[in-house]
Amino acid sequence: MRIVIALGGNALLRRGQLMSYENQLANVRVACDALAPVAAEHELVIGHGNGPQVGLLALEAAAYTEVPAYPLDVLDAETQGMIGYLIEIELGNRLPFDRPLATLLTMIEVDPRDPAFENPTKPIGPVYSQDDADQLAAEKGWVFKTDGDSQRRVVPSPRPIQVFQLRQIRWLLEHGSVVICAGGGGIPTYYDDDHNLCGVEAVIDKDLASGLLAKEIGADLYVMATDAEAAFVGWGTPEQKAIARANPDALMEQHRDEFAAGSMLPKVEAACQFARATGRRAGIGSLDGITDLVSGQGGTLISTEFNGVEYRS
């Protein structure tokens, strides 16, 4: 099968962990232990989050004021290279020597008229005092929202509309490579009025971006690996149940309001979009259970071939 797996941020950095190289490498090793059996049997494309890594670069930029901070699209490109490098090392150590791996800087087009640009919601970078936030807003035009007792910069999160490197990704897959791409939701870009391609200060949801990629390359299965073993209804209550299989329309009609907007809902929406658009399966589950999810024995599977919503006993 041709499989796209989007790694959640926890695959690279656990909650509360120091953002050190050693911690990230250790987590990548665990991730690659799970990914290697899939890569050995299937064509594999790997996407990943990059929120903590971009945040670290923003903190470093804030500490060095001699040079103006680099724009967010450039930071996305930097983190795609770093994370891809770590995955290539560790996955390469687990696969035959002659199995090629490639990390591809991936640009994704967004619409500059997307309503998201009128309502920035995605927090990035460090927290600031109110005075510092007011000064930066005046100097740079940044938008801030309250984060606890502090202020934090927020940027738009527009929907992805086109992956630019599709031909390269298909070529690499056809030549046997594992491809690492669309990291952090891709590098957000748009066409200006003169049809020049430009970067933009935004963050594309990685699950929606990887789902679009999976659709465009004809993936047989799109998987979102997270820190939960499945998508649940009644989360945190005595009635909590894991969803085993679901029709996308039935799932959204019956349970949409139960999924948290900042965590599980984007994954469920991305899975449903892929399933409706392709007639193929999308899955949500834990990284350590990825082989069961690929075989249809674990996690949550969403497809138009299913009727209603089935729960795991």
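Conventions and cut-offs
Residues numbered from 1 in each chain as written. Predicted model: local features only at pLDDT ≥ 70, side-chain atom pairs only at ≥ 80, totals over all residues. Heavy atoms only, no water. Core = buried A, V, L, I, M, F, W, Y, C linked by side-chain atoms within 4.5 Å. Buried < 20%, exposed > 50% of the residue type's maximum accessible area, 1.4 Å probe, protein only. Helix = DSSP H or I, 4+ residues; strand = E, 2+ residues; numbered from the N terminus. Axes fitted to C-alpha atoms, helices over the stretch in contact; angles between N-to-C directions. Parallel < 35°, antiparallel > 145°, perpendicular 65-115°, else oblique. Left-handed = near helix turned anticlockwise from the far one by under 90°. Contact = heavy atoms within 4.5 Å. Pairing = 2+ DSSP bridges. Phe/Tyr/Trp six-rings, centres within 6.5 Å; stacked < 30°, edge-to-face > 60°. Lys NZ or Arg CZ within 6 Å of the ring centre and 35° of its normal. Salt bridge = Lys/Arg side-chain N within 4 Å of Asp/Glu carboxyl O.

Asks: Explanation requested: the nonpolar core in the structure shown.
Replies: Side chains of a nonpolar character, in soluble globular proteins, are inclined to be buried together. Counting 48 residues, the largest nonpolar core has V45, I169, L213, Y222 and L251 as the members making the most contacts within it. It is helix α8 (residues 264-278) that provides the largest number of residues to this core, a total of eight residues. L7, A31, V38 and L287 belong to the second-largest nonpolar core, a separate cluster that totals 33 residues.

Asks: Help me understand the packing of helix α2 (residues 51-63) against helix α3 (residues 72-92) in this model?
Replies: For the pair α2 and α3, interaxial distance at closest approach is 9 Å and the crossing angle is 120°. By the criterion of interaxial angle, the relationship of α2 to α3 is oblique. Considering the relative orientation of α2 and α3, their crossing is right-handed. Residues Q53, V54, L57 and A58 of α2 form the contact with α3, whose own contacting residues are L72, L75, D76, E78, T79, M82 and I83.

Asks: I would appreciate a short explanation of the sheet that holds strand β11 (residues 197-199) in the present structure.
Replies: Strand pairing in a sheet takes place through backbone hydrogen bonds and is either antiparallel or parallel in direction. Spatial ordering of the open sheet is given by β8-β4-β10-β11, a layout of four strands whose pairing is mixed. Lying at the two open borders of the sheet, with one neighbouring strand each, are β8 (162-163) and β11. Note that strand β10 (residues 187-191) and β11 share three bridges and pair antiparallel. What sits directly across from T189, in β11, is G199.

Asks: Can you walk me through the environment of D257 in this structure?
Replies: The topology assignment puts D257 in the loop between α7 (248-255) and α8. Classification of D257 by relative accessible area gives exposed; the value is 76%. Taking C-alpha positions, D257 is 28 Å from A182, a pair spaced 75 residues apart along the chain.

Asks: Is there a simple way to think about the packing of aromatic side chains in this case?
Replies: Any pair of aromatic rings gets described here by the distance separating the centres and the angle formed by the planes. What the rule picks out here adds up to five aromatic pairs. Ring centres 6.3 Å apart and planes at 45° place the aromatic pair W142 and F144 in the tilted group. In terms of burial, W142 and F144 fall into one category: buried. Taken together, the aromatic side chains of Y128, W142 and F144 make up a single cluster linked through ring pairs. A cation over a ring is seen here: R153 above W142, with NZ or CZ 4.1 Å from the ring centre. Over the ring of Y311 we find K241, and its NZ or CZ is 4.0 Å from the ring centre.

Asks: Please clarify how the pairing of strand β2 (residues 43-48) should be interpreted in this entry.
Replies: Every regular strand shows the same layout, with side chains that alternate between the two sheet faces. β2 sits mainly inside the fold: five of its six residues count as buried. The pairing of strand β1 (residues 2-7) with β2 spans six bridges and is classified as parallel. Across the sheet, the residue bridging to I3 is L44, located in β2.

Asks: When you look at the pattern of salt bridges in this model, what are you seeing that I'm missing?
Replies: Oppositely charged side chains can form a pair if their charged atoms are brought close together. Per the counting criterion, the structure on display carries 13 salt bridges. Linking R152 and D147 is a salt bridge whose minimum nitrogen-to-oxygen distance equals 3.9 Å. With a relative accessible area of 24%, R152 lands in the partly exposed category. The exposure class of D147 is partly exposed, given its relative accessible area of 34%.

Asks: What exactly am I supposed to notice about the side chain of K206 here?
Replies: The residue K206 is located in helix α6 (residues 206-216) in this model. A relative accessible area of 14% means that K206 is categorised as buried. If we skip the residues at most four places from it in the chain, K206 touches L7, G8, G9, H48, G49, G184, G185, Y222 and K267.

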